[in-house]
Amino acid sequence: MLPVVSIAPLSTLALAVFRVALGAVVLLDLAESIPDHCDFYSDDGLFSMASRPDDAPWMGVHELGGSCAATRGLMLLHAIAAACLLVGFCTPLAASTCYVMALSHIRRSPFTFSGGDVLLCLLSAWAALLPTAQRWSLDARRRPAGAPRASTVRGVAALGLQLQVCVIYLTSAVYKTLGAEEQANKPDASSQWLAGDAVRAALACCEYLTFVGDGLRRLPTVCAALTYATVLIEYAAPFLLLLPVAWLRFFTVASLIAMHIVMGAAMNLGNFAVASIVALLALLPLEPDRVLWGYEAEPAEASAAGAVDASTPPRPWSLRTAVAALFIATNLGTAVLGFFPGAVERLENGDWLPPRVQAWAPRTCAAVASSAAELLNGAPRWNMFARPPASCGWWVLPAVLHNGSVVDAHKLRHYPRVEPNISWQRPRWPAFQHNSVLWHSYYERLNGPHPDDQATTTLLLESLARYHCVRQPEIERIYVMFNLEDHDFDRWRVRYSTEFLWEKNCTGGQGRAPTGAPPLPLPRPRWERIP
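Note that residues are indexed from 1 along each chain, following the sequence as it is written. For this predicted model, a pLDDT threshold of at least 70 governs which residues receive local features, and a threshold of 80 or more governs which side-chain atom pairs are given and counted, while totals over whole chains, interfaces and linings are taken from all residues. Water and hydrogen atoms play no part in the side-chain values, which are based on all heavy atoms of the structure.

Where do I start with the overall build of the chain in this structure?
Helices and strands together make up the secondary structure of the chain, namely 20 helices and eight strands. We call a residue buried when its accessible area falls under 20% of the maximum for its residue type, exposed when it is over 50%, and partly exposed in between, using a 1.4 Å probe and counting protein chains only. Relative to its 531 residues, the chain shows a buried fraction of 50%. By definition, residues are in contact when any of their heavy atoms lie within 4.5 Å. Considering only contacts within the chain whose residues lie at least 6 apart along the sequence, 74% involve residues at least 24 apart. A total of about 24200 Å² of accessible surface is found on the chain, and carbon and sulfur atoms cover 62% of it. What counts as a helix is a DSSP run of H or I of at least four residues, what counts as a strand is a run of E of at least two, and both are numbered from the N terminus. Values of accessible area rely on a 1.4 Å probe in the Shrake-Rupley scheme; residue burial ignores everything except the protein chains shown.

What should I look at first to understand the packing of aromatic side chains in this one?
By convention here, two paired aromatic rings are described through the distance between centres and the angle between planes. Working definition: rings of Phe, Tyr and Trp (its six-membered ring) pair if their centres are within 6.5 Å, and the pair is stacked with planes under 30 degrees apart, edge-to-face with planes over 60 apart, and tilted otherwise. Tallied over the entire structure, the rule returns twelve aromatic pairs. Look at Trp439 and Tyr442: their rings are 5.7 Å apart centre to centre, the planes differ by 85 degrees, and that puts the pair in the edge-to-face class. With Trp439 and Tyr442 both in helix H19 (residues 437-446) and three residues apart, this pair spans about one turn of that helix. Take Trp439 and Tyr442: they sit in the same class, and that class is buried.

Is there a simple way to think about the packing of helix H7 (residues 156-177) against helix H11 (residues 220-240) in this case?
The description of two packed helices rests on the angle between their axes and on the distance between the axes. Orientation of H7 relative to H11, taken along the N-to-C sense of each, is 135 degrees, at an axis distance of 8 Å. Relative to H11, H7 is oriented oblique. H7 and H11 meet at a crossing whose hand is left-handed. Where H7 abuts H11, its residues Cys166, Tyr169, Leu170, Ser172, Ala173, Val174, Lys176 and Thr177 lie against Thr230, Val231, Glu234, Tyr235 and Pro238. Side-chain classes follow a simple rule in which Ala, Val, Leu, Ile, Met, Phe, Trp, Tyr, Cys and Pro form the nonpolar group, Asp, Glu, Lys and Arg form the charged group, and the remainder, Gly included, forms the polar group. For the contact of H7 with H11, the class distribution of residues is eight nonpolar, three polar and two charged. Note on geometry: axes are C-alpha line fits, over the in-contact stretch for helices, and angles between N-to-C directions span 0 to 180 degrees. Geometric relationships in this document are graded by angle, where less than 35 degrees denotes roughly parallel, more than 145 denotes roughly antiparallel, 65 to 115 denotes roughly perpendicular, and other angles denote oblique. Put simply, a crossing is left-handed when the front helix is turned counterclockwise from the back one by less than a right angle, and right-handed when it is turned clockwise.

Quick question: what am I supposed to make of the state of the cysteines here?
In a disulfide, the sulfur atoms of two cysteines are covalently bonded to one another. Only a pair of cysteine sulfur atoms within 2.5 Å counts as a disulfide in this structure description. Scanning all chains against the criterion turns up two disulfides. With a sulfur-sulfur separation of 1.7 Å, Cys38 is cross-linked through a disulfide to Cys68. The sign of the S-S torsion, about 65 degrees, decides the handedness of the disulfide formed by Cys38 and Cys68: right-handed. Here Cys68 lies in helix H3 (residues 68-87) and Cys38 lies in helix H2 (residues 37-41), a separation of 30 residues in the sequence. What pairs with Cys469 in a disulfide is Cys506, and their sulfur atoms sit 1.9 Å apart. Of note, the bridge from Cys469 to Cys506 carries an S-S torsion of about -60 degrees and is left-handed in sense.

How should I be thinking about unusual backbone geometry in this particular structure?
Among all residues save glycine, negative phi is the norm, and among peptide bonds the norm is trans. At Cys90, a residue that is not glycine, the phi angle is positive and equals roughly 50 degrees. Positionally, Cys90 belongs in the loop between H3 and helix H4 (91-108). For Cys90, a relative accessible area of 31% translates into the label partly exposed.

I'm lost on the environment of Ala8 in this one. Help?
As for its position among the elements, Ala8 is in the segment before strand E1 (10-11). By relative accessible area, which is 0% here, Ala8 ends up buried. Through-space distance from the C-alpha of Ala8 to that of Gln162 is 8.8 Å; in sequence the pair is 154 residues apart. Discounting chain neighbours no more than four positions away, the residues touching Ala8 are Gln162, Leu241, Leu242, Leu243, Pro244 and Arg249.

Explain the environment of Pro427 to me, please; I cannot follow it from the model alone.
Turning to its location among the elements, Pro427 is positioned in the loop between helix H18 (409-414) and H19. Exposure remark for Pro427: the relative accessible area of 23% places this residue in the partly exposed category. Excluding anything up to four places from it in sequence, Pro427 contacts Trp394 and Gln433.

Would you mind showing me how to read the nonpolar core here?
Within soluble globular proteins, side chains that are nonpolar generally end up buried alongside one another. Take the buried residues of types Ala, Val, Leu, Ile, Met, Phe, Trp, Tyr and Cys, join any two whose side-chain atoms come within 4.5 Å, and each joined set is a nonpolar core. Residues Leu22, Leu123, Leu130, Leu161, Leu241 and Leu256 are the most contacted members of the largest nonpolar core, which totals 61 residues. No other element matches the eleven residues that helix H5 (residues 115-129) contributes to this core. Here Leu123 is in contact with Phe18, Leu22, Leu161, Ala275, Val278 and Ala279, once residues within four sequence places are set aside. Membership of the second largest hydrophobic core comes to 31 residues, among which are Ala198, Met263, Met267 and Leu269.

See below:
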């Protein structure tokens, strides 16, 4: 029989709390995206399926239709599955549907998803593999009266969820302190964390700053304490969470939740903080009447596949066990390959396959290698501000209307009640300038591509200009400009400047990088001290 490999058992009560929280968060996330859903997931928005390259990966269920009505229908299906997950009705099917829909959303709009979206997608998969409906669910009410029910769960799936959480924090700590990002041509990636300046430096970026963070960054001592505390808890948590000492695990989970609450309040991180808290809820030892709160764990009562019927002996193999093992291998492979630049490219070349296998089935080997590279390369690295951004800023979209007046297309589209005049002054809260989590992620990604990734930068800029031309027919010509904040953390100062990135004639033709003078006077660069 397959041995029980879970180090610390999971509580079925904690899994029920995890399931309810996951369903609620997915529903809230979908509700928040309703106003901009068609802008990012349909052919009527920024990215149409016809504009995708021929070698682009399969998008999932969004391949079924690109109209706004079709995408809203898929969104409704996603919401129904999340509601079923919330109440525990047909839980494995509901969780699997949430996973497929979330993965399809990520592939359909690859420039708007965040680490929180990826984490919610993975948690949906674990919710399908684990017995999350043993309590507080409609499925549990259909169980025969007096049927045996264990209070804890062991097995490959339980271990997989624990490793999922542990890998996130361990890789984040390594990126922060061991300079793993230096291998990606990012020098001094760890110096700010070791010097205690990283949290304050991250709060200096206007794209994430909130009211709480604005007050927090003015307290250097508190920011230094939070920097060192973050590194300490991220290094210790992966080991403490696996120990069969319940009170220690409870303290570790509570500390991580507190860390996410503080950082989520201080920075606009989208749904990442909430998704992380949902993952941690599954690891709470919520069995006060059991020996879990002592120094010995309760003997295993569940099968390796995740069954919780105490009268059922452990099964040697199952489909759930195989899928859970595959997820574990993917997570560990992603974590390891993330520290070795070029490893994914070598994986895609297929050099790791035996020569005889390559000669016998070259096409099959190429497909396997490409799929493996795509799977690992598309997964997040979980570096979590390992290197605080040295530059950030806000966007201004000057547009010339047919009547000759010049307005800000961004204000004209998203803030119809605000005067759409051009202003170069920094908004009070740039992190909430876009009034939408999807648009915030898109503009963040627009500022994120490396300079050598010209194709991606061109695609994003052209899609943004084309979108405003289509949605606002009164625009004749539009320009894309970025007000840059370039931070010098050594001298604790910031340089403000304006970059002229793109121009497009809405009457037709492809936009292009500007070749002449800007259409209106730009502010002169200046240095100021970081508040």
